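Architecture at a glance
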Amino acid sequence: MNVKDVMNPNVVFCKPDDTVREAARVLKENNISGAPVLDGEELVGIISEADLLKLLILPEKGELWLPSPFEVIEVPIRELLGWEETKKMLSDVGSTKIEEIMIRDVHTISSEASVEEASEHMIRHRINRLPVTEDNRVVGIITRGDIIEGLAKL
């Protein structure tokens, strides 16, 4: 079985000048966890939910911060300044351009490659999707889910 047999030819993509807000909307509306970033027809990067979530890591704590309703209510007065800075930082995140956070070193695969090769490539590089390219153009995308779905049809 080849990549072309299980890939999705209808590629949902983002543009480098899209904002994080726009990219998050695209991922949510299409029920996908990542997308290639195209400048015209040129593949210039890839963006994933993980890249978006990294923006929520507070530099001084080095950890993801998503407050519970109780934490919001119980914030001590002495920490209100830090809270205001955090709120500002989180509101600014949405206007960040995708080109600032996208992965530029994109792994790709040919539509003629085997599904086994695609699977091995994903596992080795710890990635969940591969843009499928022919003549330097994106002609599809293959995900781990596509491979599993293809194997289930055998």
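Here the structure is a predicted model, which means the values were calculated and not measured. (Residues numbered from 1 in each chain as written. Predicted model: local features only at pLDDT ≥ 70, side-chain atom pairs only at ≥ 80, totals over all residues. Heavy atoms only, no water.)

Overview of the overall build of the protein
We apply this condition: Think of it this way: any DSSP run of H or I at least four residues long counts as a helix, any run of E at least two long counts as a strand, and we number them from the N terminus. Each residue gets one of three labels from its accessible area relative to the maximum for its type: buried under 20%, exposed over 50%, partly exposed in between, using a 1.4 Å probe on protein chains only. Whether two residues are in contact is decided by their heavy atoms, any of which lying within 4.5 Å being enough. Using a 1.4 Å probe, the Shrake-Rupley method yields the accessible areas, and only the shown protein chains count as cover for residues.
A count of helices and strands for the protein gives 7 helices and 6 strands. In the protein, the succession of α and β elements from N to C terminus is α-α-β-β-α-β-β-α-α-α-β-β-α. Scored against the burial criterion, the 154 residues of the protein give a buried share of 37%. Taking the contacts inside the protein whose residues are at least 6 apart along the sequence as the reference set, 56% of them involve residues at least 24 apart. Roughly 9,900 Å² of accessible area belongs to the protein as shown, and the carbon and sulfur atoms make up 52% of that amount.

Observations regarding the nonpolar core
What counts, and what does not: For this analysis, a nonpolar core means a set of buried residues of the types Ala, Val, Leu, Ile, Met, Phe, Trp, Tyr and Cys, connected via side-chain atoms within 4.5 Å.
Counting residues in hydrophobic clusters, the biggest one holds 15 residues, and the most contacted among them are V20, I47 and I98. Broken down by secondary-structure element, the contributors of at least two residues to this core are α2 (20-29), β1 (34-39) and β2 (42-48). The dominant element in this core, judged by the number of residues it contributes, is α2, at 4 residues. Once you skip the residues sitting within four places of it in the chain, V20 turns out to touch L52, L55, V93, G94, T96, I98 and I101.

Things to note about the pattern of salt bridges
This is how the line gets drawn: Whenever a carboxyl oxygen of Asp or Glu lies within 4 Å of a side-chain nitrogen of Lys or Arg, that contact is scored as a salt bridge.
Summed over all chains, the structure comprises 6 salt bridges. One salt bridge connects E29 with R25, and the closest N-O pair in it is separated by 3.2 Å. One end of the pair, E29, and the other, R25, are both in helix α2, 4 residues apart, so they sit about a helical turn from each other. Residue classification places R25 among the partly exposed positions, given a relative accessible area of 43%.

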